[in-house]
Structures are given as structure tokens and as C-alpha cells.
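Residues per chain, in single letters:
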Amino acid sequence: MKFGKVDNPELIDFSIPKDHPDTPVLLSKYKGDNPLNVYVGCAKWNRQDLKNFYPRGTKDELAYYSTQFNCIELNATFYRIFPAETYVNWNGKTPENFKFFPKIVQNVSHLRRLNDQAYHILEEYLNVTSNLDTKLGTIFLQMHNNFSPKDWDRVVRFVENWPKEFSLAMEFRHTDWFNDEKISQELYHLLEENDIANILVDTAGRRDLMHMRLTNNEAFIRYVGANHESDYSRLDEWVEKLADWKQKGLKNIHFFVHQNMELASPLLSAYFIPKLNEKLGCNLHIPKTLGGSDLKLF
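Given the structure is predicted, the values throughout are model-derived calculations rather than measurements. (Residues numbered from 1 in each chain as written. Predicted model: local features only at pLDDT ≥ 70, side-chain atom pairs only at ≥ 80, totals over all residues. Heavy atoms only, no water.)

Novice: Which parts of the structure should I look at to understand the side chain of Gln68?
Specialist: Looking at where Gln68 falls in the secondary structure, it is placed in helix 2 (residues 61-68). For Gln68, the side chain forms a polar contact with the side chain of His285, separated by 3.1 Å. In terms of polar contacts, Gln68 uses its side chain to reach the backbone amide nitrogen of Lys288, at 2.9 Å. Here Gln68 is in contact with Phe53, His285, Ile286, Pro287 and Lys288, once residues within four sequence places are set aside. (Helix = DSSP H or I, 4+ residues; strand = E, 2+ residues; numbered from the N terminus. Polar contact = N/O pair within 3.5 Å; in protein donor to acceptor, adjacent residues only side chain to side chain. Contact = heavy atoms within 4.5 Å.)

Below you can see the structure in the form of C-alpha cells.
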């Protein structure tokens, strides 16, 4: 993921901003005895995308990947609608507790831009995606950078017509969604009222996307490392933030590790997961890397 890439990441203030004032209020509604669910994964499982990860002789990349991670942010589904048999196959070769978090196909978000013609494409997409069955996590929609609030009515229609049997998260990138407080509040309230997660993107060149406004009991976070030593301290800070949100009532954490060069994503994950386990009291498997646990990126 090269979105938000900068040439000099050492000049960026990567500090996690304070929570939006409505986030702790929202989370307080969820305090209780429900278990904490934590999923951490990469964006892809292809061998050419993940360096120092697959042992020599690995024949089935997904089958091996799913022994090391409990989820995948499924970006492949953004580019085309796969046949139903493909989803059945993915379902069958992964463990029972594994989850897929697929991205909605670009024909809906980028080409049709949520217009009237997008809905029959979405129906086709959901029909095949449902073959993931119990392994289907939250589906997410990422809008184009130039999709602005002038198309607010399309967003309202999409949200209100979204089939409630599928969990949904949405990512907005145009700056006007966040620069105008009235617009941002309307968006946040629409998502909250319809139980839709508001995606946080932690990337170097777009710090405005760190709005820190959760809209349901799900923190859906797309973390983009800068292939820089600051990636480690940034993840340390996320461990503290997620622990804080857990204490406030958060029960569902979906955290996806990207890099501008995706090759390094498993190494960052292997650094992040043990710290998350210790701080949150979870027991996520620590992915193996070919260089061992001491291998560093920088």
C-alpha cells in the first residue's frame, strides 16, 4: 500500500492523536463481560509480496499463511469478483478460527462510485463472498481519494440499504470528509446509527485520516509502515492505544499491517503481536519468519 507514502518519514509526527470526544462515550456503552476478539494480519498472502516468510518448499501459500495469522485483509477482491468456487476453496483450506476481511470490488466504489449501477454489482459480489461462511469477517469499502461529500446522498443510500447480515466498515479519503466538522459529524452519526465501523488509516502522508472516531464496537485499523525505524515505535504506541480502548469497552480489534513495500509486513507483525499479547492478555500466534525473532528491518 503506497497510499500516503512520503520521501522523508523521519519528518512526520506519527503520534497517535487524542480520541475524538465521542469515542470514549461510545465505548462506554459496550462495557461488560463479552470476550475480547483480536485479529491481526497482512493484506496479501502471495509469496512475492511477503519476504522472509514462506519456508522453502511451501506449495500452498494460503494454507501456510493461515497457520501463522488468524486473518487476512483480502485486497485481491478489490480488483475482480472471483468465482464462488474460489471462496469455497479459500474457506476449505483455512482453520476454523480464521477470518477473511474482504475489500469490496472497485466497480462499486471507484468506477460506479455508489451510483444506481453499483447495486447489481454489489449483489453479485456479496453472493459469492458469502461462501466464506463463518470465516467471513467484516467486509470493507474504500472510497476513491476524490469521492467527496458532494455525493453524500449516495453514501446515505448505500448505508441504509446495506444488508445487515454482513458486517461493514467504510474508509473515506477525501479531505473534506474530515476538514468540515459538520460534515464529519453527520458521517460519523450515520455510521454509528447503522452499526458500521469507521476505518482508521495510519499512514505517513495523510495524518487527517487518524480521526480517532470509532462508530461501533470495532476498531478496524489499516496500519501502513513507512519502511523506517519509526515503524516500531508507532506499533508500540498502538499497543497502548488498543489497551486503553479495551479498558473503555472495546471488544473487537481488527488490525492489518501494511508496508509501502509489503515484503516487510510479516516482520512487523512478528514484532507487534507479542507486545499485543502481553498488554491485552490475548494469545495470538506469533508468526515465524525465516530470519528468526531477532531479525529487524532497520
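Novice: Please clarify how the sheet that holds strand 8 (residues 219-225) should be interpreted in this entry.
Specialist: The strands making up a sheet associate through hydrogen bonds between their backbones, and the pairing can be parallel or antiparallel. In space, the four strands of this open sheet follow the order 1-9-8-7, with parallel pairing throughout. Each end of this open sheet is capped by a strand with a single partner; those strands are strand 1 (37-41) and strand 7 (200-202). For this sheet, the mean angle separating the axes of adjacent strands, direction not counted, is 15°. Strand direction decides the pairing type here: strand 1 and strand 9 (residues 252-259), joined by five bridges, are parallel. Across the sheet, Val38 pairs through a bridge with Ile253, a residue of strand 9. Contacting strand 7, strand 8 and strand 9, helix 9 (residues 230-248) runs over the sheet at an angle of about 170° to strand 8. (Pairing = 2+ DSSP bridges. Axes fitted to C-alpha atoms, helices over the stretch in contact; angles between N-to-C directions.)

Novice: When you look at the nonpolar core in this model, what are you seeing that I'm missing?
Specialist: Generally speaking, a soluble globular protein has its nonpolar side chains buried in company with each other. Formed by 93 residues in total, the largest nonpolar core has its most connected members in Phe158, Trp238, Trp245 and Phe255. Look past the residues within four positions of Phe255 in its chain and what remains in contact with it is Tyr39, Val40, Gly41, Ile221, Tyr223, Leu235, Trp238, Leu242 and Phe272. (Core = buried A, V, L, I, M, F, W, Y, C linked by side-chain atoms within 4.5 Å. Buried < 20%, exposed > 50% of the residue type's maximum accessible area, 1.4 Å probe, protein only.)

Novice: Explain unusual backbone geometry here, please?
Specialist: Across residues other than glycine, the phi torsion is negative in most instances, and most of the peptide bonds are trans. Even without a glycine there, the phi angle at Asp195 is positive, about 55°. Relative to the helices and strands, Asp195 resides in the loop between helix 8 (181-193) and strand 6 (197-198). In the Ramachandran plot, Met212 falls in the positive-phi region, its phi being about 55° despite a non-glycine side chain. Its location among the elements puts Met212 in the loop between strand 7 and strand 8. Residue classification places Met212 among the buried residues on the basis of a relative accessible area of 0%.

Novice: How do you make sense of the pairing of strand 8 when you look at a structure like this?
Specialist: The two faces of a sheet get side chains in turn, since along a regular strand they alternate between them. Burial analysis of strand 8 places seven of its seven residues in the buried class, which makes it a mostly covered element. Here strand 8 shows two buried faces, one formed by Ala219, Ile221, Tyr223 and Gly225 and the other by Phe220, Arg222 and Val224. Examined bridge by bridge, strand 7 and strand 8 share three bridges and lie parallel to one another. Looking at the pairing, Asp202 lines up with Tyr223 of strand 8. For strand 8 and strand 9, the ladder comprises seven bridges, and the chain directions are parallel. Looking across to strand 9, one finds that Val224 is bridged to His258. Following the chain from strand 8 across helix 9 to the adjacent parallel strand 9, one finds a crossover that is right-handed. (Right-handed = clockwise from strand over helix to strand, strands pointing away.)

Novice: Sorry if this is basic, but what is going on with the sheet that holds strand 4 (residues 139-142) here?
Specialist: With respect to topology, three strands assemble into an open sheet ordered 4-5-6, the strand pairing being parallel. At either end of the open sheet lies a strand with only one pairing partner, and these are strand 4 and strand 6. By the bridge criterion, four bridges tie strand 4 to strand 5 (residues 168-171) in an arrangement that is parallel. From the neighbouring strand, Ile139 faces strand 5, where its bridge partner is Leu168.

Novice: Is there a simple way to think about the packing of aromatic side chains in this case?
Specialist: Centre-to-centre distance and the angle between the planes together describe a pair of aromatic rings. On inspection of all chains with the given rule, the structure shows 30 aromatic pairs. Look at Tyr54 and Tyr64: their rings are 5.7 Å apart centre to centre, the planes differ by 55°, and that puts the pair in the tilted class. Of this pair, Tyr54 sits in the loop between strand 1 and helix 2 while Tyr64 sits in helix 2; the two residues are 10 residues apart in sequence, bridging distant segments of the chain. Judged by relative accessible area, Tyr64 falls into the buried class, the value being 19%. Members of the aromatic cluster, each reached through a chain of ring pairs, are Trp45, Phe53, Tyr54, Tyr64, Tyr65, Phe69, Phe82, Tyr87, Trp90, Phe98 and Phe100. Directly above the ring of Phe78 sits Lys103, whose terminal nitrogen or CZ lies 4.5 Å from the centroid. (Phe/Tyr/Trp six-rings, centres within 6.5 Å; stacked < 30°, edge-to-face > 60°. Lys NZ or Arg CZ within 6 Å of the ring centre and 35° of its normal.)

Novice: Would you explain the layout of surface pockets in this entry?
Specialist: One simple way to see leftover space: roll a probe sized like a water molecule over the atoms. Of the voids in this model, the largest pocket is the one considered here, and its volume is about 400 Å³. For the largest pocket, the lining is made up of 21 residues, of which Ala43, Lys44, Asn75, Ala76 and Tyr79 are closest to its centre. For the second largest pocket, the calculated volume is near 340 Å³. The set of elements that each furnish at least two residues to the lining of the second largest pocket consists of strand 1, strand 3 (99-102) and strand 9. Grouping the constituent residues of the lining of the second largest pocket by class yields seven nonpolar, nine polar and four charged. (1 Å grid on protein atoms, 1.4 Å probe; cavity = no way out; pocket = protein on both sides within 12 Å on 5 of 7 lines; lining within 4 Å. Points joined across faces, edges and corners; volume = space filled by probe spheres on them. Nonpolar A, V, L, I, M, F, W, Y, C, P; charged D, E, K, R; others polar.)

Novice: Quick question: what am I supposed to make of the packing of helix 6 (residues 152-161) against helix 8 here?
Specialist: Each pair of packed helices can be described by the angle between their axes along with the distance between the axes. Between helix 6 and helix 8, whose axes approach to 10 Å, the crossing angle comes to 10°. Relative to helix 8, the element helix 6 is oriented roughly parallel. When helix 6 is examined against helix 8, the residues Trp152, Val155, Val156 and Val159 are found in contact with a partner set consisting of Glu186, Leu187, Leu190 and Leu191. For the contact of helix 6 with helix 8, a count of residues per class yields seven nonpolar, no polar and one charged. (Parallel < 35°, antiparallel > 145°, perpendicular 65-115°, else oblique.)

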